Amino acid sequence: MSIWFTEKQTDHFGITMKINRTLHSELTPYQKLDIVETAEWGNMLILDNMVMTTQKDEFVYHEMIAHVPLFTHPKPENILVVGGGDGGVIREILKHPAVKKATLVDIDGKVIEYSKHFLPDIAGMLADERVNVKIDDGFMHIAKSENEYDVIIVDSTEPVGPAVNLFTKGFYAGIAKALKTDGLFVAQTDNPWFKADLIREVHRDVRGIFPITRLYIANIPTYPSGMWTFTIGSKKYDPLEINDNRFTDIETKYYTEELHKAAFVLPKFVADLVK
Ligand code: SAM
């Protein structure tokens, strides 16, 4: 008899996938944490019944949320990741030779602990000497930071539970304060099929704070609708105005120099959200 995990992406629609076995399951002080072995996607991290990352398609999200901002900034030395406890974004950040320090602030140490154990190919670089892992609320960490980071990446869960404050105008204002005068940030901003209002509101809030605000997309099959968005806010550098010699050779499976630019070409129904 097969066991299936179903993520209800709306009240009327979801995805379902066959599970070989459950590797770990617990209720942490912040969320329900499950790590399962799937038949199709390898090991998968689930938080509050939402797919966070899978061994088979994680490279898309982690490459696109890291390399677009880090190739946009000419000298990305000091990086902050809010959330990101599975370690995938850190692994991609460390591919950039300019990076001297990467701080990861995740509210739930259990995500880090079990990602290291069951997702070593994703979480394996969290122990790198350039990485500083803090267990804290990202909202509080940002509130305490000033003029410190070149790039900030918000790799949080959906705007529910512990992450609800990470999609507010106040948080984006705090990010602007935490960034250096030429800093930039990117946040995962969900999908345009079921979360159009979120994308529209975040873009409006970020546009009110950053002179350069853009939306880009990627295809992530295990995320709701498969079309995922990222919102970038920049004080000085435009992700579409970077000269070609900036693109150093790094190992990727999804991100390319051409795709860096193409990802900002939006389907009309998505572009209309952020007009
Ligand atoms: N890529 C996934 C996505 O797009 O939904 C996110 C993956 S990552 C595992 C999400 C992380 O955000 C979790 O580890 C969770 O503990 C963390 N998180 C949620 N709220 C947070 C907060 N307020 N401060 C710091 N980390 C938070």
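Placed above this text is the structure.
Every value quoted in this text rests on a predicted model; they were computed, and no experiment measured them.

Novice: Can you help me understand unusual backbone geometry in this one?
Specialist: The phi torsion of most residues other than glycine is negative, and most of the peptide bonds are trans. The phi dihedral of D48 falls on the positive side, at around 50 degrees, and the residue is not glycine. Position of D48 relative to the elements: it lies in the loop between β4 (42-47) and β5 (50-54). The class of D48 is partly exposed, set by a relative accessible area of 32%. Of note, S225 is a non-glycine position whose phi angle comes to about 75 degrees, a positive value. Within the secondary structure layout, S225 lies in the loop between β11 (212-219) and β12 (227-234).

Novice: Please clarify how the sheet that holds strand β2 (residues 13-27) should be interpreted in this entry.
Specialist: The strands that make up a sheet are held in pairs by hydrogen bonds between backbone atoms, and each pair lies either parallel or antiparallel. The strand order β1-β2-β3-β4-β5 describes an open sheet built from 5 strands, whose pairing is antiparallel. The two strands at the open ends of the sheet, each matched to only one other strand, are β1 (3-10) and β5. With direction set aside, neighbouring strand axes in the sheet form an average angle of 45 degrees. Where β1 meets β2, 7 bridges bridge the pair, whose relative direction is antiparallel. The partner of F5 across the bridge, within β2, is M17. Against the sheet, helix α3 (residues 109-118) makes contact with β2, β3 (32-38) and β4, and its axis sits at roughly 15 degrees relative to β3, the strand it touches most.

Novice: Just to check I follow, could you spell out the pairing of β4 for this structure?
Specialist: Side-chain positions along a regular strand alternate between the two faces of the sheet. Buried residues dominate β4, accounting for 5 of its 6 residues. Where β3 meets β4, 6 bridges bridge the pair, whose relative direction is antiparallel. The residue of β4 that forms the bridge with V36 is M44. Counting the residues between successive antiparallel strands, the hairpin from β3 to β4 contains 3 residues. Pairing between β4 and β5: 4 bridges, direction antiparallel. In the strand pairing of β5, L47 is matched with M50.

Novice: Teacher, can you tell me more about the site of the ligand here?
Specialist: Around the ligand sit 26 residues in total, of which Q31, D106, G138, P162 and Y223 are the nearest. A163 places a main-chain nitrogen or oxygen 3.4 Å from a nitrogen atom of the ligand. One of the side-chain N or O atoms of Y223 is found 2.9 Å from a nitrogen atom in the ligand. Protein contacts shield 100% of the accessible area of the ligand, which totals 590 Å² for the unbound molecule. Looking at the shell around the ligand, the elements that each hand over two or more residues are β4 and β7 (101-106). Residue composition of the shell around the ligand, grouped by class: 11 nonpolar, 8 polar and 7 charged.

What counts and how
Residues numbered from 1 in each chain as written. Predicted model: local features only at pLDDT ≥ 70, side-chain atom pairs only at ≥ 80, totals over all residues. Heavy atoms only, no water. Helix = DSSP H or I, 4+ residues; strand = E, 2+ residues; numbered from the N terminus. Buried < 20%, exposed > 50% of the residue type's maximum accessible area, 1.4 Å probe, protein only. Pairing = 2+ DSSP bridges. Axes fitted to C-alpha atoms, helices over the stretch in contact; angles between N-to-C directions. Contact = heavy atoms within 4.5 Å. Near = heavy atom within 4 Å. Polar contact = N/O pair within 3.5 Å; in protein donor to acceptor, adjacent residues only side chain to side chain. Areas by Shrake-Rupley, 256 points an atom, 1.4 Å probe, with all protein chains shown as cover. Nonpolar A, V, L, I, M, F, W, Y, C, P; charged D, E, K, R; others polar.

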